[in-house]
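Residues per chain are reported as follows:
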Amino acid sequence: MSDQIEQFDVVVIGAGPAGAVSSSLLNKKGHRILVLEKQHFPRFSIGESLLPQCMTYLEQAGMLEAVQASTFQHKNGAAFSRGEEYEYFDFREKFSAGWGTTFQVQRDSFDKILADEAQKQGVVLRYGHSVIACDSVNGERQLSVQTDTGERYQVQAKFVLDASGFGRVLPKLLNLEQASSLTPRQSIFTHIQDNIDEPDYDRNKILITVHPQHHEVWYWLIPFSNGRASLGVVAPTELLSKIQGSPLEQLQTLVSQGGKLAHILAKAKYDSQVRALGSYSCDVTRLYGENYALLGNAGEFLDPIFSSGVTIAMTSASLAAKAVHKQLSGEQPDWEREYSEPLKTGVKTFKEFVEGWYDQRFQNVVFSKKKSASITRMISSILAGYAWDIENPYVKNPARLSTLAELCQND
Ligand SMILES: Cc1cc2nc3c(=O)[nH]c(=O)nc-3n(C[C@H](O)[C@H](O)[C@H](O)COP(=O)(O)OP(=O)(O)OC[C@H]3O[C@@H](n4cnc5c(N)ncnc54)[C@H](O)[C@@H]3O)c2cc1C
């Protein structure tokens, strides 16, 4: 690297879904973009079940064809199982307009495809470059970068987008961290050779199973197109700590207690690393500030239950790209009204449903036989990621979930 400080219009920290989509959208508007990514792709990442709403952003970013050309598992809905109960939501039968199908993706390949597409479009992307400091200099942002070979350099940008996920670079450097109001939970997960031979098992849907005795414990099974699947369990930290053994043994113990899930996975081969992640829900005091904005998990992360993470990350990328373009074009955007508030519309919807899942209001709705077709379509829409469509009464006023849960409980 030369001693002269390089200049970019925008530096994006992190090349996950939020970083790839935001950099592509801003590059399309003619801005000079640098993405700095700490790791080398392909790399493992969790968050494999997409929602149809994502497809809109992949289309906007010119990445959809590349994703469709790969062999990812088709996805058209979400299935829920609890004891003998089984219900599913077909995303094609939903209230909001837009895509009704999407994919279940191995994130190592998916994130690499998105990052490659951004590079092909002209985005400059450096792997193995980690952002370690961020200062305000002459009305711009100056970032200190460390490469994985130990070199250090600085780079200057008119604007910085933090898409560093759980790296949470700017929240840490600028003191923006805030505890989530959601209860801390823990997750254990892995990839398996699923060997599922149940004739009724639907590979086109994520399967969410509720633990027969502990309603706060649930499992995901996300099948891929190659006979493998992502399997994970979420449980209160305290409950997990009471289960003996390694993470693999803990996962297998819980799966053996999972009723139908144990049956579906009877022939599964556990052949990959088992990972654990705890207390992942996080928040920030603000989503934007002087020449910076926080995207995706670098802002707020709720919970994995509705697979909303990548959708929220891409929505934040799209909203922020519009506001940054406006700012770089000489107009001052109203970041509160044009970024923070609209992003929070969907986050608020998902949050009400997350809370409703764990206090059982939403579980009661899911498993109720009394839902009308129109209510089912509204719920399907939210589960498909259309949590920003305020025409949907459950988006306009997410608290309506409580009334619906009461009606469903009085079945
Ligand atoms: C248990 C669990 C299950 C989940 N399941 C789902 C699911 O099924 N569907 C779904 O949509 N979401 C799911 N999520 C959420 C999903 O993982 C995230 O919301 C999503 O990956 C966020 O995307 P992002 O672009 O914000 O960040 P990421 O995808 O995390 O990308 C951030 C990137 O920033 C890089 N980075 C970090 N620090 C630095 C630094 N200092 N300098 C440069 N680069 C840096 C990282 O290396 C990384 O590549 C799940 C989350 C958890 C915890």
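Parameters at a glance
Residues numbered from 1 in each chain as written. Predicted model: local features only at pLDDT ≥ 70, side-chain atom pairs only at ≥ 80, totals over all residues. Heavy atoms only, no water. Helix = DSSP H or I, 4+ residues; strand = E, 2+ residues; numbered from the N terminus. Rg over C-alpha atoms; globule rule 2.2 N^0.38 Å. Buried < 20%, exposed > 50% of the residue type's maximum accessible area, 1.4 Å probe, protein only. Near = heavy atom within 4 Å. Polar contact = N/O pair within 3.5 Å; in protein donor to acceptor, adjacent residues only side chain to side chain. Areas by Shrake-Rupley, 256 points an atom, 1.4 Å probe, with all protein chains shown as cover. Nonpolar A, V, L, I, M, F, W, Y, C, P; charged D, E, K, R; others polar. Domains from an automatic or database assignment. Contact = heavy atoms within 4.5 Å. Salt bridge = Lys/Arg side-chain N within 4 Å of Asp/Glu carboxyl O. Pairing = 2+ DSSP bridges. Axes fitted to C-alpha atoms, helices over the stretch in contact; angles between N-to-C directions. Disulfide = S-S within 2.5 Å. Right-handed = clockwise from strand over helix to strand, strands pointing away.

A short note on the overall build of the protein
So, point 1. A count of helical and extended segments in the protein gives 15 helices and 19 strands.
So, point 2. Relative to a compact globule of 411 residues, whose C-alpha radius of gyration would be 22 Å, the protein shows 21 Å and is just as compact.
So, point 3. The C-alpha extent of the protein, read off along each of the three principal axes, is 65 × 45 × 40 Å.
So, point 4. Relative to its full complement of 411 residues, the protein shows a buried share of 58%.

Observations concerning the site of the ligand
So, point 1. Residues in contact with the ligand amount to 37 residues; listed here are only the nearest, Glu37, Gln39, Ile46, Asn297 and Val310.
So, point 2. Lys38 places a polar main-chain atom, nitrogen or oxygen, 3.1 Å from a nitrogen atom of the ligand.
So, point 3. In the environment of the ligand, an oxygen atom lies 2.7 Å from a nitrogen or oxygen atom belonging to the backbone of Ile46.
So, point 4. With the chains in place, 95% of the 1000 Å² that the ligand exposes on its own is no longer accessible.
So, point 5. Secondary-structure elements contributing two or more residues to the shell around the ligand are α1 (17–28), β2 (33–37), β8 (129–137), β14 (218–223), α9 (296–299) and α10 (309–328).
So, point 6. Of the residues belonging to the shell around the ligand, the class tally is 17 nonpolar, 15 polar and 5 charged.
So, point 7. Summarising the domain contributions, the shell around the ligand has at least three residues from each of domain 1 (6–73 + 106–179 + 281–346) and domain 2 (185–278).

Notes on the side chain of Ser281
So, point 1. In this fold, Ser281 is placed in the loop between β16 (275–278) and β17 (282–284).
So, point 2. Taking the relative accessible area as the measure of exposure, Ser281 reaches 15% and is therefore buried.
So, point 3. Among residues more than four places away in sequence, those in contact with Ser281 are Ser180, Leu182, Phe301 and Leu302.

Some remarks on the pattern of salt bridges
So, point 1. Under the definition given, this model contains 21 salt bridges.
So, point 2. As a salt-bridge pair, Arg92 and Asp90 come within 2.7 Å of each other at their nearest N and O atoms.
So, point 3. Overall, the relative accessible area of 9% leaves Asp90 in the buried class.
So, point 4. The residue Lys205 makes a salt bridge to Asp202 at a minimum N-O spacing of 2.7 Å.
So, point 5. With a relative accessible area of 5%, Lys205 lands in the buried category.
So, point 6. Each of Arg43, Arg107 and Asp111 takes part in a single network of salt bridges with overlapping partners.

As for the sheet that holds strand β12 (residues 185–193)
So, point 1. Across the sheet, 7 strands lie side by side as β5-β4-β13-β14-β15-β12-β16; this open sheet has mixed pairing. Only two strands of the sheet have a single neighbouring strand rather than two, namely β5 (85–90) and β16. Neighbour-to-neighbour, the strand axes of the sheet open up by a mean angle of 20 degrees, direction not taken into account.
So, point 2. As paired elements, strand β4 (residues 77–82) and β5 share 6 bridges and run antiparallel to each other.

Points about the state of the cysteines
So, point 1. What the rule picks out here adds up to 0 disulfides.
So, point 2. You can see Cys134 has no disulfide; the closest cysteine sulfur is in Cys282, sitting 19 Å from it.
So, point 3. Between Cys282, a cysteine without a disulfide, and Cys54, which holds the nearest cysteine sulfur, the sulfur-to-sulfur distance is 18 Å.

Overview of the environment of Glu198
So, point 1. Relative to the elements of secondary structure, Glu198 occurs in the loop between β12 and β13 (205–210).
So, point 2. We classify Glu198 as partly exposed; its relative accessible area is 29%.
So, point 3. Between the alpha carbons of Glu198 and Gln73 there is a distance of 18 Å; along the sequence they are 125 residues apart.
So, point 4. In this view, Glu198 contacts His263 and Ile264; residues no more than four positions away in its chain are not counted.

Describing the pairing of β2
Walk down a regular strand and you will see the side chains alternate between the two sheet faces.
So, point 1. Along β2, 5 of the 5 residues are buried, which leaves the element largely enclosed by surrounding structure.
So, point 2. In the sheet, strand β1 (residues 6–13) pairs with β2 via 4 bridges, with the strands oriented parallel. Opposite Val12, over in β2, you have Val35 as the bridge partner.
So, point 3. Chirality of the crossover, the property in question, places the unit of β1, α1 and β2 among those that are right-handed.

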